[in-house]
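# Topology and contacts: notes
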Amino acid sequence: MLGPARKVGVLTTEEKKSSVFSKRLEYRELDLPKGKKMPFGLMASAEALAAGPKGPPIPCALAISGEAQQHVSRFFQSWKPEERNWAVLTPMRPAWCRSLFFEDAKALSLVKAAADHLFDLVNVEGGKLHVIGTSNGGTTCWSFATTWPELVASITVVTGSITREAEAHIQRIRDIPCLQYCGDADELGFLAAMQRAKAILQASKHRSANESLIVLPGAGHFNIGEFIDKNAFFDRLESLRPTRPISTAPVAVSSSQDTAPEAVSSSQDTAPEAVSSSQDTAPEAVSSSQDTAPEAVSSSQDKDEDKQPE
């Protein structure tokens, strides 16, 4: 459960002044039918937003956070997408939505509404989005992609597992580049679940199934970002743009905290996911039994909030 430590995704004053995180994160609301609203986070350059959907095409990511899915991951903020001329939108589950995004069709439709809205804001390159998620967000990636494959340019899962519903429609994404990241020390058992996801892709004869899982030695569920070099991570995304050659090369393990999006450090200026207590060791703290039992997920699973590190 969340304790008195910093809230998930919220930067300290010192971190906001640092050069590590995006300076362009905006929190907005999307108007929905029946007077409802959904918050979302948006990172893009002022020029891209000013140009709007009629401006030059730019690569776009739909980045889905974990935990309760009501924040913008610090991992995402550390990408500084505006400096790379990318736009990144993170849907945030509204308080009135009782389910996590992957748990039922109505909740998942909110992610679709957010994706559609990004097309209203900028000229989405190739008419497709790079779908990226961490933990519960990673699970949501599979659900979103298998439901609306026509909107997806690539799938990147930084821990997460395939629900039964997504598995039933896995053929829909057989030509979409997929890559999973998991630590061999994942405390919540996601490595087995993600190996299973790789086997599912292989059985479907997915184009990149054999290279669809990178296992990071020493990485756990809550510090995996410390082991991912964010520049190499983004280089791979760049290679998946329509005009770029596809790359399946493993992302380098970070040897410097300057490039570790979730590194634990005594300096907040170089550690986007710097932590100060056991409650803050999870970049994307878990919020459902999905995270404690990722194998064969059902959309009807109940949330297990007692297992929350954050």
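Not measured: the values here are computed from a predicted model.

Quick notes on the rules
Residues numbered from 1 in each chain as written. Predicted model: local features only at pLDDT ≥ 70, side-chain atom pairs only at ≥ 80, totals over all residues. Heavy atoms only, no water. Helix = DSSP H or I, 4+ residues; strand = E, 2+ residues; numbered from the N terminus. Buried < 20%, exposed > 50% of the residue type's maximum accessible area, 1.4 Å probe, protein only. Contact = heavy atoms within 4.5 Å. Areas by Shrake-Rupley, 256 points an atom, 1.4 Å probe, with all protein chains shown as cover. Core = buried A, V, L, I, M, F, W, Y, C linked by side-chain atoms within 4.5 Å. Expected span 1.5 Å × (residues − 1). Phe/Tyr/Trp six-rings, centres within 6.5 Å; stacked < 30°, edge-to-face > 60°. Lys NZ or Arg CZ within 6 Å of the ring centre and 35° of its normal. Pairing = 2+ DSSP bridges.

To continue, consider the overall build of the protein. When helices and strands are tallied, the protein shows nine helices and eight strands. The proportion of buried residues among the 310 residues of the protein is 59%. When contacts within the protein are restricted to residue pairs at least 6 apart in sequence, those whose partners lie at least 24 apart make up 70%. Summed over its atoms, the accessible surface of the protein is roughly 12,200 Å², and 51% of this surface lies on carbon and sulfur atoms.

This part takes up the nonpolar core. Counting 54 residues, the largest nonpolar core has Val-122, Trp-142, Phe-144 and Ile-155 as the members making the most contacts within it. A per-element tally of this core places helix 4 (residues 105-121) first, with eight residues. Apart from residues lying up to four places away in sequence, Trp-142 is in contact with Ile-155, Val-157, Ser-161, Ile-162, Ala-166, Ile-173, Cys-178, Gln-180 and Leu-201. Membership of the second largest hydrophobic core comes to 23 residues, among which are Ala-61, Tyr-181, Ile-224 and Ile-228.

Attention shifts here to helix 5 (residues 136-147). The end-to-end C-alpha distance of helix 5, which contains twelve residues, comes to 17 Å, matching closely the 16 Å that a straight helix rising 1.5 Å per residue would cover. Of all the twelve residues making up helix 5, eleven are buried; the element is thus mostly covered by neighbouring parts of the structure. Of the residues making up helix 5, those classed as buried are Asn-136, Gly-137, Gly-138, Thr-139, Thr-140, Cys-141, Trp-142, Ser-143, Phe-144, Ala-145 and Thr-146.

Right, let's get into the packing of aromatic side chains. Within this structure, the stated rule accounts for nine aromatic pairs. Ring geometry for Trp-86 and Phe-234: centres 5.0 Å apart, planes at 80 degrees, overall edge-to-face. Residue Trp-86 is located in the loop between helix 3 (74-77) and strand 4 (87-91), and its partner Phe-234 is located in helix 8 (residues 230-239); the two are separated by 148 residues in the primary sequence. Classification of Trp-86 by relative accessible area gives buried; the value is 1%. Plain terms: the ring middles of Phe-144 and Trp-148 are 5.2 Å apart, the flat faces sit at 50 degrees to each other, and that makes the pair tilted. Comparing Phe-144 with Trp-148, the two get one shared label, buried. Connected via pairs of aromatic rings, a cluster forms that spans Phe-75, Phe-76, Trp-79, Trp-86, Tyr-181, Phe-233 and Phe-234. The cationic tip of Lys-36 hangs over the ring face of Trp-96; the distance from NZ or CZ to the ring centre is 4.4 Å.

Looking now at unusual backbone geometry. Positive phi is not limited to glycine here, since Gln-69 has a value of about 60 degrees. Turning to its location among the elements, Gln-69 is positioned in the loop between strand 3 (60-64) and helix 3. Even without being a glycine, Ser-135 presents a positive backbone phi close to 55 degrees. Position of Ser-135 relative to the elements: it lies in the loop between strand 5 (129-134) and helix 5.

Glancing now at the pairing of strand 3. In terms of burial, strand 3 is largely enclosed, as five of its five residues are buried. The side-chain alternation of strand 3 yields two buried faces, one formed by Cys-60, Leu-62 and Ile-64 and the other by Ala-61 and Ala-63. Pairing of strand 3 with strand 5, which is carried by four bridges, proceeds in the parallel orientation. What sits directly across from Ile-64, in strand 5, is Gly-133.

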